[in-house]
Amino acid sequence: MKFIVHSQFDENSIRASLGRPDYGYYFVRKAYQLALMELGSVETVQNPESEVDAIFESCVENGEACVFLSFAPPHKTPINLKCPTIPVIAWGLSNIPDEVWDDEPRNDWRFVLRKLGSAITLSKYAAHAVMAALGPDFPVRAIAAPVAEWPTAGAAGAVRPHSKSAGAELKCRNAVIDSAAIDLSADLLVSVSRPGAGDDERAPEFGHLETNSPRRPAQTEEDISPATVETAAADPAPGPETIVKIGGVVYTAVLDPEDLHKNWIDLVAGFCWAFRETADATLIVKIVQHDIAAYQSKVFELLCRLSPFKCRVIVVQGYLEDAEYEALIAATTFYVNASKCEGTCRPLMEFMAYGRPAIAPAHTAAADYINDNVAFVLRASPEISAWPHDPRELFRTTRYRLDWGSLLVALQESYQIAKHAPEKYAAMAARARTKMQECSSVSAIRQQLTQFLMSPEISPVAATPETPIESAPATALTDVAD
Amino acid sequence: MIFAVYSETNSETIKANFGFPEYSYYFVLKEFLPLFQRLGTVIVVTDPMREVDEIYRRAAQQGEDCIFFSFSPPHRTPLGLACPTVPVFAWEFDKIPSETWFNEQFQDWRFVLNKLGRAITHSSFSVQAVHEALGHDFPIVSIPAPVWDKFSALRQAAGEDPVVQGVEISPDAPAIDSRAVDWTAYAQAQQERQASGATKTPRPIPGIATDTTLQIDGVVYTSIFSSHDLRKNYFDMLDAFCWAMRGIDDATLILKIGHKDSSPVIDMLMQHLGRLAPFKCRVVLIDGYLNNADYESLLRHSTYAVNTSIGEGQCLPLMEYMAYGKPAIAPRHSGMIDYVSAESAFVINSTAAPGIWAHDDRMAFRTFSQRIDFESLLKAYEESYRVAKTAPARYRAMAENARRALEQHCSLAVAHERLKAFLALAPRAESSANDYGALRSRDISYQLESTINFANKFETRRYLFGGWSKFESAYGIWTVGPVAELAFRIDPKPAKPLKFCISLTPFINSAHPQMSVGVSVNGVAVARWNFSVDRPEDVNQSWRYATFPADAISGSEIRVKLWIEDPASPELLGLSNDDRLLGVTLHELAIVPLDSDSEP
């Protein structure tokens with residue numbers, strides 16, 4: 001069996017693309033490959049339109065079954081390939097796009113999915129949304145991206161509710177902000193006196209002064225002044241490696257502040273509020289966004305608005321290598337997520353797989369693996385929203401509005417357990433690992449994939465030499481009446 | 001007894017101030033007048049600092065008591081009068097302001113209340129907030145504005161049917177009816193407008209017809225608020241209505257939005273409606289001040305009053321509607337705890353959210369506000385519609401419950417008793433054993449010869465006083481307006497002249513080719529820097545210098561002012577919609593001894 005796989009970003013482009021639309025599909029593809037490798041051979045393509053069918057045809061010649069897995073939202077998935085194509089979709093809203101805009105029929109996902117004939121989603125929630133649009137018999141299966149087992153997760157000392165001393169050392173290439181190292185104050189957000197208070201003051205007389213010229217021009221540029229006054233887009237080189245010592249109870253969130261679904265303001269505000277008087281609580285926010293300038297001043301402003309607080313907030317920037325990422329997980333007591341919706345949330349799954357209990361709502365994709373046994377569950381209820389790629393921004397769907405008060409309670413309770421009930425913490429951590437093994441270990445996912453790909457609904461993939469692939473009903477459900 | 005009473009907005013200025021912060025204090029004062037008249041002589045003042053003490057002295061000469069009731073939040077209540085002063089204020093959050101900013105002691109309400117010794121507010125929730133801040137012995141009484149008698153008397157014997165038929169409303173104010181809008185044309189115009197990059201479009205918006213005679217049928221939901229008051233959370237109100245009622249053609253939401261200039265808000269509301277379309281229900285926006293007859297007509301023909309606020313001091317319109325006998329759709333929090341219940345309202349759930357004191361320019365998170373549970377708001381709309389259409393008996397029972405609850409809450413009789421009780425309370429003596437109103441000083445200590453980088457260190461803002469914009473990461477900080485001030489404290493005090501070295505980029509370009517910046521230190525003019533597009537090598541991050549003479553910097557602080565001769569905004573120059581009056585961007589600076597080579 002041959003699996004052709006594609007995501008918009010690859011090993012070379014992902015570092016500079018963190019935070020761009022659909023960047024997460026790269027990580028989903030990488031994870032899927034772990035399971036696919038055990039089922040057949042995997043071939044990655046750069047340009048599906050030109051590469052996929054050639055591979056497919058050579059497979060047909062060799063009598064090998066072949067399927068193209070497109071790790072992209074349906075409107076970006078090719079629909080006219082000869083090769084059977086299954087889109088793998090990350091989606092966290094209550095319904096799928098069922099309208100056409102910009103004269104692009106693919107914006108109506110029903111059109112694409114009917115043409116392709118089947119789909120994989122990363123959550124049951126998204127699979128239900130697909131079935132709600134295309135009928136309960138549409139071949140869609142919820143199969144999460146597998147999470148590799150952490151070899152060290154079961155090792156002695158891996159369960160670490162909190163460390164009494166400033167034990168853990170975390171290497172950061174770019175600790176952009178460490179609240180413990182700066183003097184944050186709400187007063188920095190305004191001028192000292194009321195604006196306009198000194199307006200009646202007269203300017204001194206400058207006429208007698210010689211105008212002086214600089215002796216040392218710093219730069220000479222063609223464009224002498226910014227036409228639009230925007231922050232110069234910084235593409236920072238990796239900063240110097242710093243060692244951050246962390247102790248106490250450590251909460252970690254991995255997110256992109258520009259992604260409003262991640263609801264990072266609620267998250268940071270909740271943490272600083274809950275631990276205003278608690279010096280040994282630390283929040284590490286690992287930013288998945290390569291453009292520091294896009295968010296840094298917002299983070300400063302938010303922290304100033306929340307100050308004074310005794311707890312500590314560390315914002316870490318940049319792509320982490322596997323070992324660094326694992327060190328971050330190891331140093332963490334709880335993963336915290338306050339999202340309005342999730343297509344999958346890989347960091348949450350990875351931390352749980354390592355044995356880190358969570359603070360998270362149990363909705364959308366997280367509903368598949370978050371419950372009271374493994375997490376402090378946040379309350380949330382539906383609110384209206386727009387499909388994220390719909391430029392018309394029409395209200396057509398729902399996501400979840402966080403009950404922020406429940407975040408405060410969850411943070412305080414989790415802290416108490418980490419500090420005073422290590423056995424409860426250990427049990428929760430163990431259940432989190434087990435839960436992720438059940439629902440997203442490589443072997444569990446391999447099994448789910450096999451079942452789905454070999455099922456009669458997905459007949460093109462199950463093609464045997466006796467059943468020519470060309471005649472397979474890949475477009476049997478094609479009905480583009482609307 | 002003489003009552004001198006005051007609100008910043010008065011009968012002469014209400015139209016001009018309509019919808020501005022504190023405008024509603026005028027309406028509250030109006031409702032209190034009959035109450036004061038029952039207990040003494042009322043004198044309405046317009047300039048308290050000039051008038052009140054005069055009234056007080058005259059009263060004293062005649063052996064009469066006199067109290068000044070200032071219908072204003074504590075930070076806007078006159079201090080220092082000889083006449084006993086009582087602030088009458090609304091408050092909607094769980095914590096009252098207890099910090100200072102802009103070097104103004106009165107921003108700390110504890111400072112003001114401690115001085116005045118007693119106060120009146122309009123809900124038990126705010127009484128509790130004041131008690132928590134100043135101690136439970138602080139004399140403060142909740143007296144909601146007594147609107148019950150007037151509004152309950154407006155109703156005819158049995159009240160109206162919950163479902164209206166063929167009613168005509170013709171308010172003497174502009175109105176927009178969603179039924180008269182061509183939403184397809186509107187959406188097109190929106191897209192063109194986005195494509196052109198324009199963000200501020202004046203009305204009229206294409207596809208919108210304005211009509212002021214409205215024929216209304218069905219179930220009518222009404223809400224009245226100032227369009228500039230974001231605490232009212234009116235987008236939730238609108239969004240949930242259109243979502244819940246999108247398939248229902250006889251449900252109408254009437255938003256009576258008051259403000260002198262509502263057009264930006266109407267524009268935003270229209271954008272929301274455009275994003276919600278298509279919907280069968282109807283939304284009417286009435287923009288402006290209604291005369292009494294129109295106000296009553298709107299009330300009479302409404303089925304329900306709606307409130308989706310994040311916090312309420314009391315909410316006069318809701319109290320008026322409920323006093324008349326209109327059930328509500330409202331959350332039960334802050335000021336509404338005292339009169340909203342499931343007997344008289346479809347209660348919306350809400351939970352704590354990070355909140356700010358509404359007038360705090362720093363927008364510091366210091367208090368809880370309330371976040372509406374959107375799903376429960378949808379349910380409240382659906383259930384209330386069902387009750388109006390199919391359960392008139394339950395509707396009438398709720399209406400009756402509303403009247404009774406509001407009678408307990410805000411009848412003249414209740415207010416009369418409370419005011420009498422208040423007058424019997426002695427003011428608490430001012431205490432000095434506290435830090436109320438403590439001014440917050442900034443650490444502006446500076447070590448000679450060190451370089452301050454404003455492009456990558458947010459905390460360098462501490463040296464910036466007035467006239468600066470936001471921190472722009474990796475770039476610097478713009479001056480805004482004609483003067484920008486910096487301040488430093490150097491220890492030990494410099495005895496010799498110093499050299500000021502600063503890296504700047506001026507806002508100049510072909511449309512605005514020159515800029516001149518004057519520099520003064522502690523009031524003494526010391527330099528003038530010119531920038532010009534003709535000398536491009538001296539523009540971007542250009543280092544400029546000034547000498548601070550020893551006698552100008554002998555004080556405890558070095559205050560440097562940059563005087564921008566002709567600041568300009570990108571908007572004025574047609575470059576973008578940035579309306580800041582920009583001068584120069586500050587990147588880095590250092591102060592060194594004049595004879596030093598160590599400049600950056």
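Residues numbered from 1 in each chain as written. Chains lettered and ligands numbered in written order. Predicted model: local features only at pLDDT ≥ 70, side-chain atom pairs only at ≥ 80, totals over all residues. Heavy atoms only, no water.

Remarks on the sheet that holds strand β1 (residues 2-7) of chain A
All names here are of chain A. Read across the sheet, six strands follow the order β2-β1-β3-β4-β5-β6 without closing on themselves; strand pairing throughout is parallel. Here the strands that pair on one side only, and so sit at the sheet edges, are β2 (41-44) and β6 (140-142). Averaged over neighbouring strand pairs, the angle between their axes works out to 25 degrees when direction is ignored. Helix α4 (residues 109-116) contacts β4 (85-89) and β5 (119-121) of the sheet and is inclined by roughly 140 degrees relative to β4. (Pairing = 2+ DSSP bridges. Helix = DSSP H or I, 4+ residues; strand = E, 2+ residues; numbered from the N terminus. Axes fitted to C-alpha atoms, helices over the stretch in contact; angles between N-to-C directions. Contact = heavy atoms within 4.5 Å.)

Overview of the interface of chain A and chain B
Taken together, the 79 residues of chain A in the interface contact 86 residues of chain B. Both faces considered, chain A and chain B share a buried interface measuring about 7,100 Å² in area, 56% of it formed by carbon and sulfur atoms. In this structure, the connection of chain A to chain B is made through five salt bridges. K470 of chain B is paired through a salt bridge with E301 of chain A; the nearest N and O atoms lie 3.5 Å apart. On the surface where chain A and chain B come into contact, there are 22 residue pairs in polar contact (both at pLDDT 80 or more). (Buried area = accessible area lost by both parts, 1.4 Å probe. Salt bridge = Lys/Arg side-chain N within 4 Å of Asp/Glu carboxyl O. Polar contact = N/O pair within 3.5 Å; in protein donor to acceptor, adjacent residues only side chain to side chain.)

Here's the deal with the domain arrangement of chain A
Residues and elements named next belong to chain A. Here the domain parsing of chain A yields domain 1 (2-146 + 441-476) and domain 2 (158-190 + 205-439). Every contact between the two is made by 35 residues of domain 1 and, on the other side, 32 residues of domain 2. Approximately 2,700 Å² of surface area, both sides summed, lies buried where domain 1 meets domain 2, with 56% of it carried by carbon and sulfur atoms. Among the residues of domain 1 in contact with domain 2, L18, L93 and W101 are the three that bury the most area, contributing 23% of the side total. Joining domain 1 to domain 2, the criterion identifies two salt bridges. Its salt-bridge partner being R392, residue E99 comes within 3.0 Å of it at the nearest N-O pair. Taken together, the connections running from domain 1 to domain 2 amount to 13 residue pairs in polar contact (both at pLDDT 80 or more). For the side of domain 1 that touches domain 2, the elements supplying multiple residues, two or more each, are α1 (14-17), α2 (24-36), α5 (124-134) and α12 (442-454). For the side of domain 1 that touches domain 2, the residue count by class is 22 nonpolar, eight polar and five charged. (Domains from an automatic or database assignment. Nonpolar A, V, L, I, M, F, W, Y, C, P; charged D, E, K, R; others polar.)

Considering the state of the cysteines
All names here are of chain A. Enumeration over the complete set of coordinates arrives at zero disulfides over all chains. C272 supplies the cysteine sulfur nearest to C311, a cysteine that is in no disulfide, at a spacing of 4.6 Å. Relative accessible area serves as the criterion here: at 3%, C311 is assigned to the buried category. You can see C439 has no disulfide; the closest cysteine sulfur is in C345, sitting 13 Å from it. (Disulfide = S-S within 2.5 Å. Buried < 20%, exposed > 50% of the residue type's maximum accessible area, 1.4 Å probe, protein only.)

Observations concerning the pairing of strand β19 (residues 468-472) of chain B
Residue and element names in this part refer to chain B. Among the five residues in β19, four count as buried, and that is most of the element. Sheet topology places β19 next to strand β20 (residues 476-480); three bridges connect them, and they run antiparallel. Counted as the bridge partner of W468 is T479 from β20. Linking β19 back to β20 in an antiparallel pair, the connection comprises three residues, with A474 at a positive phi of about 70 degrees.

Description of the sheet that holds strand β4 (residues 85-87) of chain B
Sheets are built from strands paired through backbone hydrogen bonds, the pairs being either parallel or antiparallel. Residues and elements named next belong to chain B. Read across the sheet, four strands follow the order β2-β1-β3-β4 without closing on themselves; strand pairing throughout is parallel. Unpaired on one side and paired on the other, β2 (41-44) and β4 mark the two borders of the sheet. Averaged over all pairs of adjacent strands, the angle between strand axes in this sheet comes to 25 degrees, irrespective of strand direction. Sheet topology note: the strand β1 (residues 2-7)/strand β3 (residues 66-71) ladder contains six bridges and is parallel.

Here's the deal with the side chain of T397 of chain A
Residues and elements named next belong to chain A. Counting through the fold element by element, T397 comes out in strand β16 (residues 397-402). Looking at T397, the relative accessible area reads 1%, which means it is buried. A polar atom in the side chain of T397 sits 3.1 Å from the side chain of S94. A polar side-chain atom of T397 sits 2.6 Å from a polar atom in the side chain of N95.

Digging into the packing of helix α10 (residues 292-300) of chain B against helix α11 (residues 316-324) of chain B
Residues and elements named next belong to chain B. At a closest axis distance of 10 Å, the pairing of α10 and α11 adopts a crossing angle of 60 degrees. When the interaxial angle is binned, α10 and α11 end up oblique. The chirality of how α10 crosses α11 is right-handed. Taken together, the residues of α11 that come into contact with α10 (itself represented by Y295, L298, L299 and R300) are P317, E320, Y321 and Y324. (Parallel < 35°, antiparallel > 145°, perpendicular 65-115°, else oblique. Left-handed = near helix turned anticlockwise from the far one by under 90°.)

Describing the pattern of salt bridges
Within this structure, the stated rule accounts for 57 salt bridges over all chains. R58 of chain B is the salt-bridge partner of E54 of chain B, the closest N and O atoms lying 3.9 Å from each other. Placement of the pair is E54 of chain B and R58 of chain B together in helix α3 (residues 48-61), with a separation of four residues, close to one helical turn. R440 of chain B is the salt-bridge partner of E99 of chain B, the closest N and O atoms lying 3.9 Å from each other. Placement of E99 of chain B in the loop between β4 and α4 (109-116) and of R440 of chain B in the loop between α14 (412-423) and β17 (445-446) is noted, with a sequence separation of 341 residues between them. Judged by relative accessible area, R440 of chain B falls into the partly exposed class, the value being 36%. Ionic contacts of the salt-bridge type, sharing partners, join the residues D187 of chain A together with E99, D360, R362, R366 and R440 of chain B into one network.

Some points on α12 of chain A
Between its terminal C-alpha atoms α12 of chain A stretches 18 Å, which fits the 18 Å expected from 13 residues at 1.5 Å a residue. For α12 of chain A, the secondary structure elements touched by its buried residues are β1, α2, β4, β5, β6 and α11 (422-440) of chain A. (Expected span 1.5 Å × (residues − 1).)

Quick notes on the nonpolar core
Ranked by size, the top nonpolar core spans 98 residues in total, and within it Y251 of chain A together with F488, F500 and W529 of chain B carry the most contacts. If you look at the next biggest cluster of nonpolar residues, it comprises 84 residues, including V190 of chain A together with I143, V147 and I286 of chain B. (Core = buried A, V, L, I, M, F, W, Y, C linked by side-chain atoms within 4.5 Å.)

Observations regarding the packing of helix α8 (residues 234-244) of chain B against helix α9 (residues 263-276) of chain B
The relative placement of two packed helices is expressed as an angle between their axes plus a distance between the axes. Residue and element names in this part refer to chain B. Relative orientation of the contacting elements α8 and α9 amounts to 25 degrees, with a least axis distance of 10 Å. Considered as vectors, α8 and α9 are oriented roughly parallel to each other. In terms of crossing hand, the pair formed by α8 and α9 is right-handed. Every residue of α9 that contacts α8 at Y234, F235, L238, D239 and C242 is listed here: V265, M268, L269, H272, L273 and L276. When its residues are assigned to classes, the contact of α8 with α9 shows nine nonpolar, one polar and one charged.

A look at the environment of M49 of chain B
Checked against the element boundaries, M49 of chain B lands in helix α3. As for M49 of chain B and S344 of chain B, which are separated by 295 residues in sequence, their C-alpha atoms are 44 Å apart.

Description of the packing of aromatic side chains
Residues and elements named next belong to chain B. Following the criterion strictly, the structure yields 49 aromatic pairs over all chains and no others. Where Y446 meets Y463, the ring centres are 6.5 Å apart and the plane angle is 85 degrees; that geometry is what we call edge-to-face. Residue Y446 is found in strand β17, and its partner Y463 is found in the loop between β18 (451-453) and β19; the two are separated by 17 residues along the sequence. According to the relative accessible area criterion, Y463 is buried, its value standing at 5%. (Phe/Tyr/Trp six-rings, centres within 6.5 Å; stacked < 30°, edge-to-face > 60°.)

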